[in-house]
Amino acid sequence: MKPVSALYPGSFDPPTNGHLDLIERGAKIFEELVVGILRNTEKSPMFSLAERLEMLKTLTAHLKNVRIEAFHGLMVEYAKSIDATCVLRGIRAVSDYEYELQMALMNRKLEPTLETVFMMPADKYSYVSSRLVREVAQAGGPVKGLVPEVVEQKLREKLEPAYRFHDEMQEGRVPGAKEKKRKRKS
Ligand code: PNS
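Predicted model only: the values in this text are computed from it and were never measured.

Novice: Run through helix 5 (residues 130-138), naming residues and quoting values.
Specialist: Turning to helix 5, its buried residues are Ser130, Val133 and Ala137. Within helix 5, the buried residues cover an arc of 60° as seen down the axis, which keeps them to one side. Next to the buried residues of helix 5 lie helix 1 (17-29), helix 6 (149-158) and helix 7 (160-170). Positive backbone phi, at 75°, marks Gly140, one or two positions downstream of helix 5.

Pasting the structure below:
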């Protein structure tokens, strides 16, 4: 059997602990793992491509067989261009399955030689998604334990006003906030 080179494609906006968990698992079973960040021109991401590249490079610096790259266009074509014969995707819960199955079968139709392999992240990350992390952080909420520390720091920097407002509300420093809290309790 030939050693397998795999592509783990995604948006990673931002990278979560679930992504990192999957990268670490993938790095153990594939000879080489390329994390491919989609350069999506339709979506307006929270983090620029350069920021996501930098964060993922920092987070995977300890994994010698992992490379971080960006791609655009069809994923199967990019996989071919880097000689990846396998696509790695994560499945957290049954709810992921339908979309992932559809995508895997479409990719198989486009490139029958490319296999999709699914792995499960640790169950403690089964509810963690980039979308929910963004939503919590945009409201100034805590994302500790959901994303690596470097990402948490970046979110705090990017969303500084939201975090400041949230902290001031919690401390009752926003006029009327204490009043409202007290009324809600009674
Ligand atoms: O992290 P995401 O957003 O779930 O990742 C989705 C991704 C990037 C894997 C998917 O949208 C993709 O592969 N896009 C590239 C364009 C493509 O090949 N589309 C056909 C997919 S069936």
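Novice: Can you explain the site of the ligand? Please cite residues and give values.
Specialist: With respect to spatial proximity, the complete set of residues near the ligand consists of Pro9, Gly10, Ser11, Leu38, Gly73, Leu74, Met75, Arg89, Met103, Met106 and Asn107. A distance of 2.6 Å separates an oxygen atom of the ligand from a polar atom in the side chain of Ser11. Here Arg89 contributes a side-chain N or O atom positioned 3.0 Å from an oxygen atom of the ligand. Contact with the protein chains removes 75% of the 550 Å² of surface that the ligand exposes when unbound. At the level of secondary structure, the elements contributing two or more residues to the shell around the ligand comprise strand 1 (5-10) and helix 4 (94-110). Counting residues per element, the shell around the ligand draws most heavily on helix 4, at 3 residues. In terms of residue class, the shell around the ligand is built from 6 nonpolar, 4 polar and 1 charged.

Analysis parameters
- Residues numbered from 1 in each chain as written.
- Predicted model: local features only at pLDDT ≥ 70, side-chain atom pairs only at ≥ 80, totals over all residues.
- Heavy atoms only, no water.
- Buried < 20%, exposed > 50% of the residue type's maximum accessible area, 1.4 Å probe, protein only.
- Helix = DSSP H or I, 4+ residues; strand = E, 2+ residues; numbered from the N terminus.
- Arc of directions from axis to C-beta.
- Contact = heavy atoms within 4.5 Å.
- Near = heavy atom within 4 Å.
- Polar contact = N/O pair within 3.5 Å; in protein donor to acceptor, adjacent residues only side chain to side chain.
- Areas by Shrake-Rupley, 256 points an atom, 1.4 Å probe, with all protein chains shown as cover.
- Nonpolar A, V, L, I, M, F, W, Y, C, P; charged D, E, K, R; others polar.

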